[in-house]
Amino acid sequence: MKTVDLVIIGGGPAGMAAALSAYEKGVAKILILERDKELGGILNQCIHNGFGLHTFKEELTGPEYADRYINMVWEKGIENLLNTMVVDVQGGSPCLITAMNKEQGMFQIKAKAVILAMGCRERARGAMNIPGFRPAGIYSAGTAQRYVNIEGRMPGKEIVVLGSGDIGLIMARRMTLQGAKVKLVAEIMPYSGGLRRNIVQCLDDYNIPLKLSHTVTKIHGKDRVEGVTVAKVDENLQAIPDTEEFVSCDTLLLSCGLIPENELSQGAGAQMDAVTQGPVVNERLETTVKGVFACGNVLHVHDLVDNVSKESESAGAFAADYILNGGSDWKEAVRPKIPEKTKCTLPEGRDASSQLICIGCPAGCLITAKKREDGDYDITGNTCQKGEAYARNELTSPVRTVTSMIRVHGGRRKVVSVKTAQEIPKEKINACMEEINGVYVSAPVKVGDVLIENVAGTGISVVATGNAMQTV
Ligand SMILES: Cc1cc2nc3c(=O)[nH]c(=O)nc-3n(C[C@H](O)[C@H](O)[C@H](O)COP(=O)(O)OP(=O)(O)OC[C@H]3O[C@@H](n4cnc5c(N)ncnc54)[C@H](O)[C@@H]3O)c2cc1C
């Protein structure tokens with residue numbers, strides 16, 4: 001039986017940051033076990049930008065953020081086993097991990113400590129009790145995101161999104177950019193659970209209606225979704241009779257919340273926390289099971305990957321101390337600080353020609369711009385310089401970064417994620433997408449490769465944000 005110092009379950013940003021930190025603290029034998037065919041976790045499918053503002057002080061796409069950590073893991077020679085599913089964890093001295101993959105079948109590993117970093121999963125249709133048959137065309141937003149951004153397939157043509165958290169908003173834009181018609185985003189709460197900047201850049205930019213205090217009360221269609229009934233809800237979140245409206249569509253995307261992947265934590269006998277919905281931990285991120293630590297979305301759902309990386313560095317350092325020095329006694333449960341859930345609305349009756357929501361960072365400042373007689377603007381409400389520049393641009397010549405994917409010949413992946421190297425004029429987005437969709441490139445492709453020069457006559461190039469290795 002293989003014996004190591006530390007096993008990390010999950011090779012997403014949490015697992016990689018924990019591994020790197022344990023390595024820095026002097027742990028020699030570290031093994032990351034990942035069920036997917038590559039490291040990076042959910043970031044590989046999050047091809048939009050908005051990651052890394054704290055960690056790298058720049059705005060990266062998900063695959064670019066993952067790529068930086070993957071390179072560090074390789075540089076340090078930290079061992080990882082891909083396509084390997086962990087099915088059981090037992091704590092103690094040593095801990096015992098049971099896993100399986102195609103080459104080795106079922107096998108066991110002994111480790112002095114384990115870090116759980118399995119991420120989270122989406123709430124499925126079953127959890128929402130929406131009446132109707134079980135037709136094709138109902139997806140969780142994350143599954144649809146994987147189809148589009150990793151498999152290069154479209155789940156449908158006419159879409160309704162239920163749930164306006166960031167994932168729902170981002171997918172509404174993504175489907176639109178790929179040519180689908182997004183009819184509306186329905187949100188049961190009187191506010192969106194996503195960031196204000198995402199309401200602006202994902203919905204307003206593409207004239208996608210956001211219906212707050214609305215939900216889907218019925219799914220129509222037997223073999224394939226043919227439409228949904230959308231109704232207004234009262235303050236108890238109950239559908240109000242006579243407000244129902246039929247909306248024809250072939251696809252319903254559900255974006256109704258995330259919950260930690262709890263099977264292994266519970267199987268190990270870890271006490272669970274009803275508030276975080278993940279395992280109970282102490283101040284050292286150690287669960288109630290001896291030698292088993294937890295971090296990232298498996299501990300509690302994080303909105304920002306930068307916070308995942310920071311927390312996971314701590315978990316790696318605590319696990320290292322446990323391995324090298326025996327750690328310290330389990331004293332009391334300490335609940336991780338969970339930032340209050342976003343509750344966003346855009347100011348009612350906002351005059352978009354003078355009141356702008358800054359999309360420069362998650363703060364989403366409300367900026368007022370008053371035109372002066374000399375033609376320039378008096379700009380107030382911004383909390384940083386970026387806001388001022390954004391407002392001036394937005395009122396004169398709005399620009400956006402476009403993120404998408406390009407098809408690949410002869411690659412282990414059918415598509416590779418890309419972005420415009422700089423922001424392009426907003427009115428050029430459609431032309432840019434047409435060019436991106438018309439291009440095929442040959443593997444290998446690596447992060448930073450220029451795949452289109454001068455896209456849509458903007459003078460700006462389209463660069464790869466992910467890697468596509470050649471098939472062997
Ligand atoms: C759709 C979406 C959009 C987001 N957008 C942003 C954004 O714009 N900006 C931002 O900062 N953050 C964003 N986030 C949040 C951020 O990406 C996540 O918080 C972060 O990726 C979580 O990292 P993690 O390592 O805990 O989990 P994950 O990235 O989910 O990684 C967990 C890994 O564990 C593996 N695993 C699970 N179970 C097992 C098992 N039994 N055996 C082996 N391996 C296993 C999984 O395959 C996966 O690779 C977004 C998240 C989502 C879901």
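Before reading on, note that the structure itself is shown above.
A brief structural summary. (Residues numbered from 1 in each chain as written. Predicted model: local features only at pLDDT ≥ 70, side-chain atom pairs only at ≥ 80, totals over all residues. Heavy atoms only, no water.)

**Side note on the overall build of the protein**
Here is step 1 of the chain: When helices and strands are counted, the protein shows nine helices and 29 strands.
Here is step 2 of the chain: For 472 residues, the compact-globule estimate of 2.2 N^0.38 gives 23 Å, and the protein sits close to it at 23 Å.
Here is step 3 of the chain: In the protein, once contacts between residues fewer than 6 apart in sequence are set aside, the share between residues at least 24 apart is 61%. (Helix = DSSP H or I, 4+ residues; strand = E, 2+ residues; numbered from the N terminus. Rg over C-alpha atoms; globule rule 2.2 N^0.38 Å. Contact = heavy atoms within 4.5 Å.)

**Considering the site of the ligand**
Here is step 1 of the chain: Neighbouring residues of the ligand: 31 residues in total, closest Ala14, Glu34, Ile42, Asn297 and Val305.
Here is step 2 of the chain: In this structure, Ala14 approaches the ligand through a main-chain N or O atom, which is 2.9 Å from an oxygen atom.
Here is step 3 of the chain: Within the contact set of the ligand, an oxygen atom lies 2.8 Å away from a backbone nitrogen or oxygen of Asn297.
Here is step 4 of the chain: Surface burial for the ligand is 93%, taken as the share of its 1000 Å² of free accessible area covered by protein chains.
Here is step 5 of the chain: Those elements that provide at least two residues to the shell around the ligand are helix 1 (13-24), strand 3 (49-51), strand 6 (85-90) and helix 7 (305-325).
Here is step 6 of the chain: Along the lines of polarity and charge, the residues of the shell around the ligand split into 17 nonpolar, 11 polar and three charged. (Near = heavy atom within 4 Å. Polar contact = N/O pair within 3.5 Å; in protein donor to acceptor, adjacent residues only side chain to side chain. Areas by Shrake-Rupley, 256 points an atom, 1.4 Å probe, with all protein chains shown as cover. Nonpolar A, V, L, I, M, F, W, Y, C, P; charged D, E, K, R; others polar.)

**A short note on the environment of Gly156**
Here is step 1 of the chain: Within the secondary structure, Gly156 is located in the loop between helix 3 (141-151) and strand 11 (158-162).
Here is step 2 of the chain: Given the relative accessible area of 11%, Gly156 is considered buried.
Here is step 3 of the chain: Residues Gly156 and Ala180, 24 residues apart in the sequence, show an inter-C-alpha distance of 7.1 Å.
Here is step 4 of the chain: The contacts of Gly156, once residues within four sequence positions are left out, are Met175, Ala180, Arg224, Asp250 and Thr251. (Buried < 20%, exposed > 50% of the residue type's maximum accessible area, 1.4 Å probe, protein only.)

**A word on the pattern of salt bridges**
Side chains bearing opposite charge may pair, as long as their charged atoms lie close to each other.
Here is step 1 of the chain: This structure, assessed with the given rule, holds 24 salt bridges.
Here is step 2 of the chain: Note that Glu79 is salt-bridged to Lys2, the shortest N-O span being 3.1 Å. Linking Glu79 in strand 5 (residues 79-81) with Lys2 in strand 1 (residues 2-9), this pair joins segments that are 77 residues apart in sequence.
Here is step 3 of the chain: What makes Glu79 partly exposed here is its relative accessible area of 36%.
Here is step 4 of the chain: Notably, a salt bridge pairs Lys446 with Asp449, separated by 3.3 Å at the nearest N-O pair.
Here is step 5 of the chain: Salt bridges here are not isolated pairs; linked through shared partners, they connect Arg372, Asp374, Asp376, Asp378, Glu388 and Arg392. (Salt bridge = Lys/Arg side-chain N within 4 Å of Asp/Glu carboxyl O.)

**Some remarks on helix 9 (residues 429-438)**
Here is step 1 of the chain: When we look at burial in helix 9, the residues that qualify are Ile429, Cys432, Met433 and Ile436. Taken end-on, helix 9 shows its buried residues confined to a sector of 100 degrees, consistent with a single buried face. Among the exposed residues of helix 9, those oriented more than 90 degrees off its buried face are Asn430, Glu434 and Gly438. (Arc of directions from axis to C-beta.)

**Quick notes on the packing of aromatic side chains**
Here is step 1 of the chain: Tallying each qualifying case throughout the model produces five aromatic pairs.
Here is step 2 of the chain: Ring centres of Tyr139 and Tyr147 lie 5.7 Å apart, and the angle between their planes is 90 degrees; this geometry places the pair in the edge-to-face category.
Here is step 3 of the chain: Taking the centre distance of 5.7 Å and the plane angle of 70 degrees together, the rings of Phe293 and Tyr322 count as edge-to-face. Of the two residues, Phe293 sits in strand 19 (residues 292-294) while Tyr322 sits in helix 7, which places them 29 residues apart along the sequence. Tyr322 matches Phe293 in its accessibility class, with the two residues each being buried.
Here is step 4 of the chain: Ring-pair connections join several aromatic residues into one group, and the members of that group are Phe56, Tyr65 and Tyr69. (Phe/Tyr/Trp six-rings, centres within 6.5 Å; stacked < 30°, edge-to-face > 60°.)

**Some words on the packing of helix 4 (residues 166-177) against helix 5 (residues 196-203)**
Here is step 1 of the chain: Interhelical geometry of helix 4 versus helix 5 gives an angle of 15 degrees and a closest axis separation of 8 Å. By the angle between their directions, the pair helix 4 and helix 5 is classed as roughly parallel. Seen along the crossing, helix 4 lies across helix 5 with a hand that is left-handed. The residues of helix 5 that touch helix 4, namely those facing Asp166, Leu169, Ile170, Ala172 and Arg173, are Asn198, Ile199, Gln201, Cys202 and Leu203.
Here is step 2 of the chain: Residue composition of the contact of helix 4 with helix 5, grouped by class: six nonpolar, two polar and two charged. (Axes fitted to C-alpha atoms, helices over the stretch in contact; angles between N-to-C directions. Parallel < 35°, antiparallel > 145°, perpendicular 65-115°, else oblique. Left-handed = near helix turned anticlockwise from the far one by under 90°.)

**What about the nonpolar core?**
Here is step 1 of the chain: Grouped together as the largest cluster of nonpolar side chains are 61 residues, with contacts concentrated most on Leu6, Val7, Ile8, Ile9 and Leu116.
Here is step 2 of the chain: Residues in contact with Leu116, not counting those within four places in the same chain, are Ile9, Val89, Ser265, Thr287, Val292, Phe293, Ala294, Cys295 and Val298. (Core = buried A, V, L, I, M, F, W, Y, C linked by side-chain atoms within 4.5 Å.)

**A short note on the sheet that holds strand 20 (residues 355-357)**
Here is step 1 of the chain: Taking strand neighbours across the sheet as the criterion, the three strands line up as 20-21-22 in an open arrangement whose pairing is antiparallel. Bordering the open sheet on either side are strand 20 and strand 22 (377-380), each of which pairs with just one other strand. Averaged over all pairs of adjacent strands, the angle between strand axes in this sheet comes to 25 degrees, irrespective of strand direction.
Here is step 2 of the chain: In terms of strand pairing, strand 21 (residues 366-371) meets strand 22 through four bridges, oriented antiparallel. (Pairing = 2+ DSSP bridges.)

**Concerning helix 7**
Here is step 1 of the chain: The end-to-end C-alpha distance of helix 7, which contains 21 residues, comes to 30 Å, matching closely the 30 Å that a straight helix rising 1.5 Å per residue would cover.
Here is step 2 of the chain: Among all positions in helix 7, only Val305, Asp306, Val308, Ser309, Glu311, Ser312, Ala315, Gly316, Ala319, Ala320, Tyr322 and Ile323 are buried.
Here is step 3 of the chain: At the exit of helix 7 stands Gly326, carrying a positive phi of roughly 85 degrees. (Expected span 1.5 Å × (residues − 1).)

Purely spatial values, then, with no claim about function.
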